[in-house]
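# Structural description and commentary
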Amino acid sequence: MEAPILFSSIPNLLSFFAFFLIIYLIAYFIIFPSWKPKLRPEASSCVISFFHGTPAVFFAVTSLLADPDRNFHSPNTPFQNLVLDYSIAYFLMDLTHYLIFYPSDVLFIGHHLATLFVFVTCRYMVYHGAYAILVLLILAEVTSFVQNTWTLANARKSDVEFAAKLYALLSPPFYVLYSLVRGIAGPYFVYRMLSHYLSGAADDIIPRWIWVSWVFVVVTAISVSILWVLNLWVELYREMSRKLERKVR
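Residues numbered from 1 in each chain as written. Predicted model: local features only at pLDDT ≥ 70, side-chain atom pairs only at ≥ 80, totals over all residues. Heavy atoms only, no water.

### Examining the overall build of the chain
Across its full length, the chain holds 8 helices and 0 strands. Along the chain, from the amino end to the carboxyl end, the secondary structure elements read α-α-α-α-α-α-α-α. Its C-alpha atoms give the chain a radius of gyration of 20 Å, within 12% of the compact-globule value 18 Å for 249 residues. Once the C-alpha set of the chain is aligned to its principal axes, its extents read approximately 70 × 40 × 35 Å. For the chain, with 249 residues in total, the buried portion stands at 45%. Once local pairs closer than 6 in sequence are excluded, the contacts in the chain between residues at least 24 apart make up 75%. Between the averaged position of the 17 positive side-chain charges in the chain and that of its 15 negative side-chain charges there is a distance of 13 Å. (Helix = DSSP H or I, 4+ residues; strand = E, 2+ residues; numbered from the N terminus. Rg over C-alpha atoms; globule rule 2.2 N^0.38 Å. Buried < 20%, exposed > 50% of the residue type's maximum accessible area, 1.4 Å probe, protein only. Contact = heavy atoms within 4.5 Å. Lys, Arg positive; Asp, Glu negative; His and termini not counted. Charge placed at Lys NZ, Arg CZ, Asp CG, Glu CD.)

Next up, the structure:
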């Protein structure tokens, strides 16, 4: 049963990967040809993230609502598996992007590899637990549209006035939303997830080493995200302090 399921999913993975590859190439060669060489890869990565983040949230929510028996160790539904394939293809494409243009960026490469491990084991090894993984995907990607817009504005704020204004406008609400999701909602859901697995309810379905790995990856990712947004808050505070000092003078 498992082998046919694995092979039947390959066309989906290839199609989704080709989809993201084509979007990346269009962004790199058609949308951003005039951008500086150092910025074009990052901007292209943002574009494929636009096509993954918000759609993945919508697909994941829809797939979870359509499953009346969902829980932390329930079997994956075909729709949930399709969402996992969609995200696996995206992270494979973005990992390829980092390996080509930023091979020394160990943090992001490690993040993508760890994320792929979680998705792949859920999708192709245990065939259960998509509820937990997709809720985490929703929490991770619900801020992606604003974050990608903020990232593009940040890349051009030094030479494009509109980008500078957009960056300044988006920064506070983006930091607030990101802090709430990664600092409160994420840890709370991981606590519920860990409590469920520690109860032993999933031990006969999801091997302990797998769910322990999932929790470790998620806790690490959330911790890094919290440190990242804290640093952004510090930078914003310093920038606002400098502006206030100039006004006083």
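### Concerning helix 5 (residues 130–141)
The α-helix advances 3.6 residues per turn, and as a result positions three or four apart in sequence lie on the same side. Over its 12 residues, helix 5 runs 16 Å from end to end, which matches the ideal 16 Å to within 8%, given 1.5 Å per residue. Along helix 5, 11 of the 12 residues are buried, which leaves the element largely enclosed by surrounding structure. (Expected span 1.5 Å × (residues − 1).)

### Structural notes on the UniProt feature "domain: TLC" (unreviewed entry) in the chain
Those places that UniProt annotates as "domain: TLC" (unreviewed entry) correspond, in this numbering, to residues 38–246. The span residues 38–246 carries 83% helix and 0% strand; its end-to-end C-alpha distance comes to 32 Å. (UniProt positions renumbered as here; feature names shortened; annotations may be inferred.)

### Structural notes on the UniProt feature "transmembrane region" (unreviewed entry) in the chain
Under the UniProt annotation, "transmembrane region" (unreviewed entry) lies at residues 12–31, 43–66, 78–99, 132–153, 174–191 and 211–234. Strand forms 0% of residues 12–31 and helix 100%; the C-alpha atoms that close the span are 27 Å apart.

### Brief notes about the packing of helix 4 (residues 106–126) against helix 5
One can describe the packing of helix 4 onto helix 5 by two numbers: an axis separation of 10 Å at closest approach and a directional angle of 150°. The two elements helix 4 and helix 5 cross, and the hand of that crossing is left-handed. Across the interface between the two elements, Val 118, Phe 119 and Cys 122 of helix 4 pack against Ala 130, Ile 133 and Leu 137 of helix 5. (Axes fitted to C-alpha atoms, helices over the stretch in contact; angles between N-to-C directions. Left-handed = near helix turned anticlockwise from the far one by under 90°.)

### Some thoughts on the environment of Val 83
Note that Val 83 resides in helix 3 (residues 78–101). We classify Val 83 as buried; its relative accessible area is 2%. Along the backbone, Val 83 and Lys 243 are 160 residues apart, and their C-alpha atoms lie at a distance of 45 Å.

### Points about the nonpolar core
Core analysis: the largest hydrophobic core is formed by 60 residues, its most contacted members being Leu 134, Phe 189, Met 193, Tyr 197 and Trp 214. When residues of this core are traced back to their parent elements, those giving at least two are helix 1 (2–31), helix 2 (40–65), helix 3, helix 4, helix 5, helix 7 (161–198) and helix 8 (208–248). Those residues in contact with Phe 189, other than ones at most four positions away along the chain, are Phe 72, Tyr 131, Ala 132, Val 135, Leu 136 and Leu 139. Core analysis: the second largest hydrophobic core is formed by 10 residues, Ala 153, Tyr 167, Tyr 178 and Leu 236 among them. (Core = buried A, V, L, I, M, F, W, Y, C linked by side-chain atoms within 4.5 Å.)

### A short note on the pattern of salt bridges
The tally for this structure, following the rule as stated, stands at 4 salt bridges. Among the ionic pairs, Arg 123 bridges to Asp 85, the shortest N-O distance being 3.3 Å. With Arg 123 in helix 4 and Asp 85 in helix 3, this residue pair connects regions lying 38 residues apart in the sequence. Of the two residues examined, Arg 123 and Asp 85, each falls in the buried class. Notably, a salt bridge pairs Arg 156 with Asp 159, separated by 3.1 Å at the nearest N-O pair. Accessibility expressed as a relative area gives 18% for Arg 156, which makes it buried. With a relative accessible area of 43%, Asp 159 lands in the partly exposed category. (Salt bridge = Lys/Arg side-chain N within 4 Å of Asp/Glu carboxyl O.)

### Side note on helix 4
Here helix 4 spans 28 Å end to end across 21 residues, near enough to the 30 Å set by a 1.5 Å rise per residue. Listed in full, the buried residues belonging to helix 4 are Ile 109, His 112, Thr 115, Leu 116, Val 118, Phe 119, Thr 121, Cys 122, Arg 123, Tyr 124 and Val 126. In the stretch just after helix 4, Tyr 127 is the one whose phi turns positive, near 60°.

### Description of the packing of aromatic side chains
By convention here, two paired aromatic rings are described through the distance between centres and the angle between planes. In this structure the tally under the stated criterion is 31 aromatic pairs. In this structure an aromatic cluster arises from ring pairing among Phe 16, Phe 19, Phe 20, Phe 51, Phe 58, Phe 59, Tyr 86, Tyr 90, Phe 91 and Phe 119. Here the guanidinium or amino end of Arg 40 rests over the ring plane of Tyr 28, the centre of that ring lying 4.0 Å away. Between the NZ or CZ atom of Arg 156 and the centre of the ring of Trp 35, over which it lies, the distance is 4.7 Å. (Phe/Tyr/Trp six-rings, centres within 6.5 Å; stacked < 30°, edge-to-face > 60°. Lys NZ or Arg CZ within 6 Å of the ring centre and 35° of its normal.)

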